[in-house]
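# Reading the structure
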Amino acid sequence: MSNRPKVACKARTTTAIPTEMKAASKREQSQACLSHAEREQAGATLKVLMNHIYELHKGVRHMVLFTCNKKYSELAIQRLESQGIPYLLQPAGQQNLNVYFGRRECLEAIRLIVTRPLNLLTPEEDFILGAMLGYDICAQCERYCKRKCDSKCINKN
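To start, this report covers the structure provided alongside it. All figures in this text were calculated on a predicted structure; none of them were measured in a lab.

## Considering the overall build of the chain
- Broken down by element type, the chain carries five helices and three strands.
- Secondary structure of the chain in N-to-C order comes out as α-β-α-β-β-α-α-α.
- In the chain, which comprises 157 residues, the share counted as buried stands at 26%.
- Contacts in the chain between residues at least 24 apart in sequence constitute 46% of all its contacts with a sequence separation of at least 6.
- For the chain, the computed accessible surface area is about 11000 Å², with 54% contributed by carbon and sulfur atoms.

## Let's talk about the environment of Ala 42
- Residue position: Ala 42 is located in helix α1 (residues 19-58).
- Separated by 30 residues in sequence, Ala 42 and Tyr 72 have C-alpha atoms that sit 6.5 Å apart.

## Quick look at the pattern of salt bridges
- Evaluated as defined, the whole model comprises nine salt bridges.
- Across the salt bridge formed by Arg 103 and Glu 105, the nearest N and O atoms sit 2.6 Å from each other.
- Under the relative-accessibility criterion, Arg 103 is labelled partly exposed at 40%.
- Its relative accessible area of 47% is what places Glu 105 among the partly exposed residues.
- As a salt-bridge pair, Lys 148 and Glu 124 come within 2.7 Å of each other at their nearest N and O atoms.

## Topic: the packing of aromatic side chains
- Enumeration over the complete set of coordinates arrives at one aromatic pair.
- Seen in terms of ring centroids, Phe 127 and Tyr 144 are 5.9 Å apart; in terms of plane orientation they differ by 65°. Their pairing is edge-to-face. Note that Phe 127 is positioned in helix α4 (residues 123-132) and Tyr 144 in helix α5 (residues 137-149), a separation of 17 residues in sequence.
- Residue classification places Tyr 144 among the partly exposed positions, given a relative accessible area of 25%.

## Some points on helix α2 (residues 73-82)
- When α2 is considered as a whole, its buried residues turn out to be Ser 73, Ala 76, Ile 77 and Leu 80. Angular distribution of buried residues about the axis of α2 spans 95°; they occupy a single face of the element. Exposed and facing more than 90 degrees away from the buried side of α2 are Glu 74 and Ser 82.

## Some remarks on the packing of helix α3 (residues 104-113) against α4
- Where α3 contacts α4, the two axes come as close as 11 Å, and the packing angle between them is 160°. Taken together, the axes of α3 and α4 are roughly antiparallel relative to one another. Seen from above, α3 lies across α4 with left-handed handedness. Contacts between α3 and α4 involve Cys 106, Ala 109, Ile 110 and Ile 113 from the former and Glu 125, Ile 128, Leu 129 and Met 132 from the latter.
- Here the residues of the contact of α3 with α4 are counted per class, giving seven nonpolar, no polar and one charged.

How each quantity is defined
Residues numbered from 1 in each chain as written. Predicted model: local features only at pLDDT ≥ 70, side-chain atom pairs only at ≥ 80, totals over all residues. Heavy atoms only, no water. Helix = DSSP H or I, 4+ residues; strand = E, 2+ residues; numbered from the N terminus. Buried < 20%, exposed > 50% of the residue type's maximum accessible area, 1.4 Å probe, protein only. Contact = heavy atoms within 4.5 Å. Areas by Shrake-Rupley, 256 points an atom, 1.4 Å probe, with all protein chains shown as cover. Salt bridge = Lys/Arg side-chain N within 4 Å of Asp/Glu carboxyl O. Phe/Tyr/Trp six-rings, centres within 6.5 Å; stacked < 30°, edge-to-face > 60°. Arc of directions from axis to C-beta. Axes fitted to C-alpha atoms, helices over the stretch in contact; angles between N-to-C directions. Parallel < 35°, antiparallel > 145°, perpendicular 65-115°, else oblique. Left-handed = near helix turned anticlockwise from the far one by under 90°. Nonpolar A, V, L, I, M, F, W, Y, C, P; charged D, E, K, R; others polar.

Below you can see the structure in the form of structure tokens.
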């Protein structure tokens, strides 16, 4: 538990404070809450990253796709580099970044397969990527059939 004082996100006003001071106080508290929320988001993002790294080290995964806001990418890259984990970066829209990391041989395959945004991958490329990431193979097969046959070829038994 942190010993830092908590910042109240609701502005407290009294009739004794002049209006200009009330407005400034609300702005300051709003900025403090925003930065607190950003700190919490950065912490949550790093927690997810650390869990992926843990699974990689334990052999649960050989490769990970970690998507984060670009403003947290430096934290992610620093963590990966400090642990000597190879990675590959790919923009994912305006504000996000896909960070692939794991075994070098997997990343080399990713370099050849993922040459454009993920939503533009062929059904085959999407299937291979999902399999490499360790996604449920039956779910990947179903996804492949839906994308390839426009969901006409799926027969559920």
